[in-house]
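Residue-level listing of the chains:
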Amino acid sequence: MGVLEKEDERQNVLDILRKTRIALKTEDVMTLREASSRTVHSASIYKDMDSIAVAVIVYALSKIIERKKYVAYEGWSVFYRKVLVGIDKGIDDLEGKNFIQFRKDIMEIRTGIGSLSGNLKTYIQDVFREAQISRASRLYEHGISSAETTQLLGITQFELAEYIGKTGIADVDLSMTMSMKTRLNFARSLFS
Amino acid sequence: MVDANKALIFDSGAIITLALNDLLFILEPLKEAFGGEFFITPQVKSEIIDTPINSKRFALEALMIKSLVDKKILTVVSSPELKKETSRVLEMANSAYLADNERMRIIHDGEASCIALFNLINSEKKAIVVDERTTRMLCESPENLHRLYEKKLHRKIAFLEKNAEMFKSVKVIRTSELSLMAYNRGIISLSTSRSEAIRAILYAVKFKGCSISVNEIETARRIA
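Quick look at the structure, then. (Residues numbered from 1 in each chain as written. Chains lettered and ligands numbered in written order. Predicted model: local features only at pLDDT ≥ 70, side-chain atom pairs only at ≥ 80, totals over all residues. Heavy atoms only, no water.)

What about the pairing of strand β2 (residues 6-10) of chain B?
Residues and elements named next belong to chain B.
Item 1. For β2, the buried fraction is high: five of the five residues fall into the buried class.
Item 2. Both faces of β2 are covered, namely the face carrying K6, L8 and F10 and the face carrying A7 and I9.
Item 3. Strand direction decides the pairing type here: β2 and strand β8 (residues 125-129), joined by five bridges, are parallel. Bridge pairing links I9 to I128 in β8.
Item 4. Note: β2 against strand β3 (residues 37-40), three bridges, orientation parallel. Following the sheet pairing, I9 is matched in β3 by F39. (Buried < 20%, exposed > 50% of the residue type's maximum accessible area, 1.4 Å probe, protein only. Helix = DSSP H or I, 4+ residues; strand = E, 2+ residues; numbered from the N terminus. Pairing = 2+ DSSP bridges.)

Some points on the side chain of S213(B)
Item 1. Within the element layout of this structure, S213(B) appears in the loop between α11 (194-207) and α12 (214-223).
Item 2. Classification of S213(B) by relative accessible area gives buried; the value is 1%.
Item 3. Contact partners of S213(B), with chain neighbours within four places excluded, come to A170(A), D171(A), M176(A) and K206(B). (Contact = heavy atoms within 4.5 Å.)

So, helix α7 (residues 133-140) of chain B
All names here are of chain B.
Item 1. Counting buried positions over the eight residues of α7 gives eight, a clear majority of the element.
Item 2. Among the residues of α7, R133, T134, T135, R136, M137, L138, C139 and E140 are the ones counted as buried.
Item 3. Capping of α7 at its N-terminal end is provided by E132; its side-chain oxygen lies 3.5 Å from the backbone amide nitrogen of T134. (Polar contact = N/O pair within 3.5 Å; in protein donor to acceptor, adjacent residues only side chain to side chain.)

Examining the sheet that holds strand β9 (residues 157-159) of chain B
All names here are of chain B.
Item 1. Sheet architecture is open: three strands sit in the order β6-β5-β9, paired in antiparallel fashion. Pairing within the sheet leaves two strands with one partner each, and these edge strands are β6 (102-103) and β9.
Item 2. Of the strand pairs in this sheet, strand β5 (residues 97-99) and β9 are connected by three bridges, and their pairing is antiparallel. Bridge pairing links L98 to A158 in β9.

As for the pattern of salt bridges
Item 1. Going through the model one piece at a time under the given rule, you end up with 32 salt bridges over all chains.
Item 2. Residue K19(A) is joined to D15(A) by a salt bridge in which the shortest nitrogen-to-oxygen separation is 3.1 Å. Taken together, the positions of K19(A) and D15(A), both in helix α1 (residues 7-26) and four residues apart, correspond to about one turn of that helix.
Item 3. Relative accessible area serves as the criterion here: at 35%, K19(A) is assigned to the partly exposed category.
Item 4. For E216(B), the salt bridge is made with R174(B), and the minimal N-O distance between the two is 3.1 Å. You can see E216(B) sitting in helix α12 and its partner R174(B) sitting in the loop between β10 (172-173) and α10 (175-184), a full 42 residues away along the chain. As far as the burial class goes, E216(B) and R174(B) line up, both buried.
Item 5. What you see here is one network of salt bridges that share partners, running through E196(B), R199(B), E218(B) and R221(B). (Salt bridge = Lys/Arg side-chain N within 4 Å of Asp/Glu carboxyl O.)

A word on the packing of aromatic side chains
Item 1. On inspection of all chains with the given rule, the structure shows ten aromatic pairs over all chains.
Item 2. Summarising the aromatic geometry, the rings of Y73(A) and Y123(A) are spaced 5.6 Å apart at their centres and angled 35° between planes, so their arrangement reads as tilted. Placement of the pair is Y73(A) in the loop between α3 (49-67) and α4 (76-95) and Y123(A) in helix α6 (residues 118-141), with a sequence separation of 50 residues.
Item 3. Residue class for Y123(A) comes out buried when judged on its relative accessible area of 8%.
Item 4. Put simply, the rings of F191(A), F10(B), F34(B) and F38(B) pair up and form one aromatic cluster.
Item 5. The ring of F34(B) carries K6(B) above its face, with NZ or CZ at 4.8 Å from the centroid. (Phe/Tyr/Trp six-rings, centres within 6.5 Å; stacked < 30°, edge-to-face > 60°. Lys NZ or Arg CZ within 6 Å of the ring centre and 35° of its normal.)

Structure (structure tokens):
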């Protein structure tokens, strides 16, 4: 059984998509970010690809809206319409519990990037790649290992390493599992 | 079993941290100073060589790591026994925590294979070199990992302590400690004070993915 077949998860993703649609129209970056984070919890537990795909798309959209320069590129309005149509179709299919079609709707938003051209294509591709890395970092922050998260998000461990190094994940108190002195002494004993 | 006088088993992240900091050169003299084996598993090799070698962004790093394997500084260990033990480790780790009665898949083949190889090495002086946080926490403080899951996921997480038992014997170091060993032996030479050099080295590995905190770095500057 897919995670979306659980009623509470289906309602959760539906709510996220509805809020995403409104937030896109009002250019509400914070709501988009919050919506993307909500899918991270489900993704951490279930490793479900639908939640992960939604998390990446919503986060990428938040970055696109935030940076503003997207509107200047030729082809933006066509892409934007496709995104809105994709979200609407996704909502309709998820409401109707048509899970297979829902997956296709979400996938179409990503594959729509392929039909773009010029600078906009490169720009949107980059934003989606960054979104994948950022969402991977959030899964890692939730306690999922780096190899597991990179596998799920389809990125390399090199990309994740560069990203997480700039975060405060290593400084969280719960991450401290042994004193520096003890670990250093152990390392020294190995080399003695 | 794998026979070795002494052994360090490298996870992907540790090699990546060194590669991204241009510190791979320390491995050859460190191995000589160590007087034992530096192992990687086939799963780790795939993550740090076979996959990135086909990418534009990290092909150079992958090739530099490959040369360490070609020169036998890093030895790839592969056996049916390791495969079997890796499956056992994965099964135990990925069933230790339950969210909403669902098993949480928390580690992947690469990390599991490092723990598996650790279990199979017939030596008292051995450790896995792991920079990522989850595997280290699973081995050294599965209770903290449990608390982290409950805090981050905002729900009750069941923790099956007996499944985490097998990880308690696994010894972990990071590239931070390894780099300090290299610095102490003059393998890394920097024209500055000892305290500043340690700070530079440890922040460098931290910024490329080594899970070391600012507090730990400050402690290391005082005591290393």
